[in-house]
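Listed below, chain by chain, are the residues.
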Amino acid sequence: MDIDIDKTELIHFHRKRRGQIQEPHINLQPPQGLARVVRPEAHLRWLGMFFDQKLCWKKHVEIMSRRALSTISGLRVLANTIRGVSVANARLLYKTVVLPVLTFGSPVWYTGTKQKSLIKPLEHAQNEGLRWLLGAFRTTPSAEMHHIGAIVPIPFLLQRLTTNAATRLLTLPASSQVLARLPPEWPEHSDAPPVPLPHTLMSRSKTPPTIIHHLATLTHPESEHTIPYYSPPWNSKPNWGPRLTTLAPPNAASDDERKEYITQIQTKIHSISTSFSTLSIFTDGSRKLHRNKTRTGAGYVLLCQGQEVSAGRRGLGKRANVYDAEMLALAGAATAALEYVQQHPQITNIHFFSDNKAAVSSIVDTTDHPAQLSSIVFRRKIDSLLTLFPQARVEVQWVPGHKGIAGNERADELAKEAVALEPPAFRSTITWAREKARKRTIKTWQKEWLARPHQNLSSIALRLPPSDKLHPIHKNFLGNRESHARLIQAVTGHGFFGEYYARFVPSQSTACPCGEAPVQTREHILVECPLYEDHRHYLRAASRSLSLPHILGTADGLKAMAKFISNTRAFSKSTTALPPAPETQNDQDPDATWT
């Protein structure tokens, strides 16, 4: 193997200041060619990460921030404060295009300890992205923009990404060199890595000595693992074709299509309940309180000719969610089905019914995914069944829950009973860990929001704690981009009106064009200004008294305010001329602005 001299770089890692250490160069002499001197560099790029000599990651953060800002600049052709894509679509673009750039490689360097100044460029870039997607003013407080845009602040987002990266340790192959460098309490730990950590470094501080050790503190060695290479490419799985199928309605199905599907499946369940050659299997998972702890259970029931022939239940403890229970129930039901069919060979049709779409779609897949062990057990049993009985057919189908289907209700009853049972060997599941990380992120964000005083103009509008789900008012807004931007500007108190000019643009007149208010406030525009009296009926439909907290702080009030803004030039630069108030589309259909 030859070394490509043109791609050879050199960097010295050390803790001393630059100039206090000698940085020797390297002379390379290829067998054929001229000699070359490779001199040390202050920064080095490898696998997209920018390493510096002290591994403080400042250069990497700066570069990622610049790239994110460049991406945001490119997105400006798609939207501004006047026209362009909706806020909901702009948010989707930001999350899928900008955030991956902004947070690239963050689990490698983020620990949350003494890194406030390090992540400042990332916060600056995110604030710029929020101003773009919301159409907000530059002076709008960042906390309010994060709240309205339902975008998690950078410190909390980085912590969640790091926790998820720790969970991915459980999905690495046993031979991974990353696992070999885990702490000694991990079974995959090895003393064989070429550069073992000195004992002085291990015992000098309570802080984890490496980022791998830090990630290990965020998960547990006894948690659920997956097997990345369970099915090697050269070992082809049996292809059963129509003998093994999964059925579920598409996520984009309309209400009518969903109702039709439910009617068809109820008819199907009723028709097969009388067949002596058909085995109907219902599975379910439940998560409920038991002795002041939320615990999870799984249950399944086998029916033949409408009679219960077998049933089972299993507890999963408090560190699993319903998806894990559904997968475990399907695996247990497959085991019971194989045993029953072996004793009753006249069974040729086996129907599994589950009310969890994710479980239905992944139970036959043995590749690396959460609850993979359940999929492996399910496939082993079903593959054996289909091999032993060539005439048998297996179908896994989604069924609506709590719709009066007897088998589903019985499985639900068993699952609820199972929450009191002892859990399996693993400490927690992967899906539970990811959901826990998301909930912890939101809880920390909400706690930080409630701890801060909110005395600005947006305090009466943003009374609920923040969430990572976009408010329905902003998600379902179908008006133009300008109207939506004006609504957000009015909510935050940073918009085109005198109250804002008095604080930030003293050169602008603060008086209302109506001539009745020396300072044009939000309350004056919404409640008193005669220029908008012909359109104030939109607001009175939500609050007869025109209560500002109700209009700005409730869903009905914001909906009415959106209609008011869409039919006027309120909170815009030009407020001198208003359109007349004839019968318009919004007047004829008050909900035309909403889905």
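All values derive from a computational prediction rather than experimental measurement.

Here is what the cut-offs are and how they apply
- Residues numbered from 1 in each chain as written.
- Predicted model: local features only at pLDDT ≥ 70, side-chain atom pairs only at ≥ 80, totals over all residues.
- Heavy atoms only, no water.
- Axes fitted to C-alpha atoms, helices over the stretch in contact; angles between N-to-C directions.
- Helix = DSSP H or I, 4+ residues; strand = E, 2+ residues; numbered from the N terminus.
- Parallel < 35°, antiparallel > 145°, perpendicular 65-115°, else oblique.
- Contact = heavy atoms within 4.5 Å.
- Nonpolar A, V, L, I, M, F, W, Y, C, P; charged D, E, K, R; others polar.
- Patch = residues over 30% accessible without salt bridge, like charges linked within 9 Å, V, L, I, M, F, W, Y side chains within 5 Å.
- Areas by Shrake-Rupley, 256 points an atom, 1.4 Å probe, with all protein chains shown as cover.
- Salt bridge = Lys/Arg side-chain N within 4 Å of Asp/Glu carboxyl O.
- Lys, Arg positive; Asp, Glu negative; His and termini not counted.
- Charge placed at Lys NZ, Arg CZ, Asp CG, Glu CD.
- Buried < 20%, exposed > 50% of the residue type's maximum accessible area, 1.4 Å probe, protein only.
- Pairing = 2+ DSSP bridges.
- Phe/Tyr/Trp six-rings, centres within 6.5 Å; stacked < 30°, edge-to-face > 60°.
- Lys NZ or Arg CZ within 6 Å of the ring centre and 35° of its normal.
- Expected span 1.5 Å × (residues − 1).

Participant: Help me understand the packing of helix α4 (residues 120–134) against helix α17 (residues 481–492) in this model?
Facilitator: Axes are the key here: two packed helices are described by the angle between their axes and the distance separating the axes. Two elements in contact, α4 and α17, have axes whose closest approach is 9 Å; the angle formed by their N-to-C orientations is 125 degrees. With respect to α17, the axis of α4 lies oblique. Facing α4, whose interface residues are Trp132, Leu133 and Leu134, α17 presents Arg481, Ala485 and Ile488. The residue inventory of the contact of α4 with α17, partitioned by class, reads five nonpolar, no polar and one charged.

Participant: In this structure, what is going on with the side chain of His351? I would like to understand it.
Facilitator: In this structure, His351 sits in strand β9 (residues 349–354). Dropping the residues within four chain positions of it, His351 is found in contact with Lys268, Ile272, Thr278, Leu279, Ser280, Ile281 and Glu395.

Participant: Would you mind showing me how to read a negative patch on the surface here?
Facilitator: A cluster of like negative charges, contributed by Asp255, Asp256, Glu257 and Glu260, occupies part of the molecular surface. Mapped onto the elements, Glu257 comes out in helix α10 (residues 255–272). Note on Glu257: relative accessible area 46%, which makes it partly exposed.

Participant: Could you clarify how one ought to interpret the sheet that holds β9 in this entry?
Facilitator: Note: strands within a sheet are paired through backbone hydrogen bonds, in either parallel or antiparallel orientation. Strand order in the open sheet formed by six strands is β5-β10-β9-β6-β7-β8, and the pairing between neighbours is mixed. Every interior strand has two partners, whereas the edge strands, β5 (244–247) and β8 (307–317), have only one. Adjacent strand axes in the sheet meet at a mean angle of 15 degrees, parallel and antiparallel pairs treated alike. Two elements, strand β6 (residues 278–290) and β9, share six bridges in a ladder whose sense is parallel. Each bridged residue has a counterpart across the sheet, and for Ile281 the counterpart in β9 is Phe352. Relative to the sheet, helix α11 (residues 322–343) contacts β6, β7 (293–304), β8 and β9, its axis offset from that of β6 by approximately 145 degrees.

Participant: Can you help me understand unusual backbone geometry in this one?
Facilitator: Most peptide bonds take the trans form, and the phi angle of most residues other than glycine is negative. One non-glycine residue, Leu546, lies in the positive phi region at around 55 degrees. Tracing the chain through its elements places Leu546 in the loop between α20 (537–542) and α21 (548–553). For Leu546, a relative accessible area of 8% corresponds to the buried category. Phi is positive for Phe571, which is not a glycine, with a value near 65 degrees.

Participant: I would appreciate a short explanation of the packing of aromatic side chains in the present structure.
Facilitator: Working definition: an aromatic ring pair is given by the centre-to-centre distance plus the angle between the planes. Following the criterion strictly, the structure yields 12 aromatic pairs and no others. Centre to centre, the rings of Trp46 and Phe51 are 6.4 Å apart; their planes meet at 50 degrees, and the pair counts as tilted. Taken together, Phe137, Phe496, Tyr500, Tyr501 and Phe504 form an aromatic cluster joined through their ring pairs. Residue placement shows Lys357 over the ring face of Trp398; its charged tip is 5.3 Å from the ring centre.

Participant: Can you help me understand the pattern of salt bridges in this one?
Facilitator: When the charged atoms of two side chains with opposite charge come close together, those side chains can pair. Evaluated as defined, the whole model comprises 14 salt bridges. Residue Asp383 is joined to Arg379 by a salt bridge in which the shortest nitrogen-to-oxygen separation is 3.3 Å. Here Asp383 and its partner Arg379 are both found in helix α13 (residues 372–388), four residues apart, which amounts to about one turn of the helix. Overall, the relative accessible area of 15% leaves Asp383 in the buried class. Among the charged side chains, a network of salt bridges with common partners joins Arg76, Glu128, Arg131 and Arg138.

Participant: How should helix α15 (residues 430–451) be read in this particular structure?
Facilitator: Two residues of an α-helix separated by three or four positions point the same way, owing to the 3.6 residues in each turn. Along its 22 residues, α15 runs 32 Å from first to last C-alpha, staying within 8% of the 32 Å computed at 1.5 Å per residue. Taken as a whole, α15 has its buried residues at Ile430, Thr431, Trp432, Ala433, Ala437, Thr441, Ile442, Trp445 and Trp449. In this fold, the buried residues of α15 make contact with α5 (142–149), α6 (154–168), β6 and α11.

Participant: What is the right way to read the environment of Lys288 from this model?
Facilitator: By secondary structure assignment, the location of Lys288 is in strand β6. With a relative accessible area of 35%, Lys288 lands in the partly exposed category. Expressed as a C-alpha distance, the spacing of Lys288 and Asp365, which sit 77 residues apart in the sequence, is 28 Å. Residues within four places of Lys288 in sequence aside, it is in contact with Lys293, Thr294, Arg295, Lys416 and Val419.

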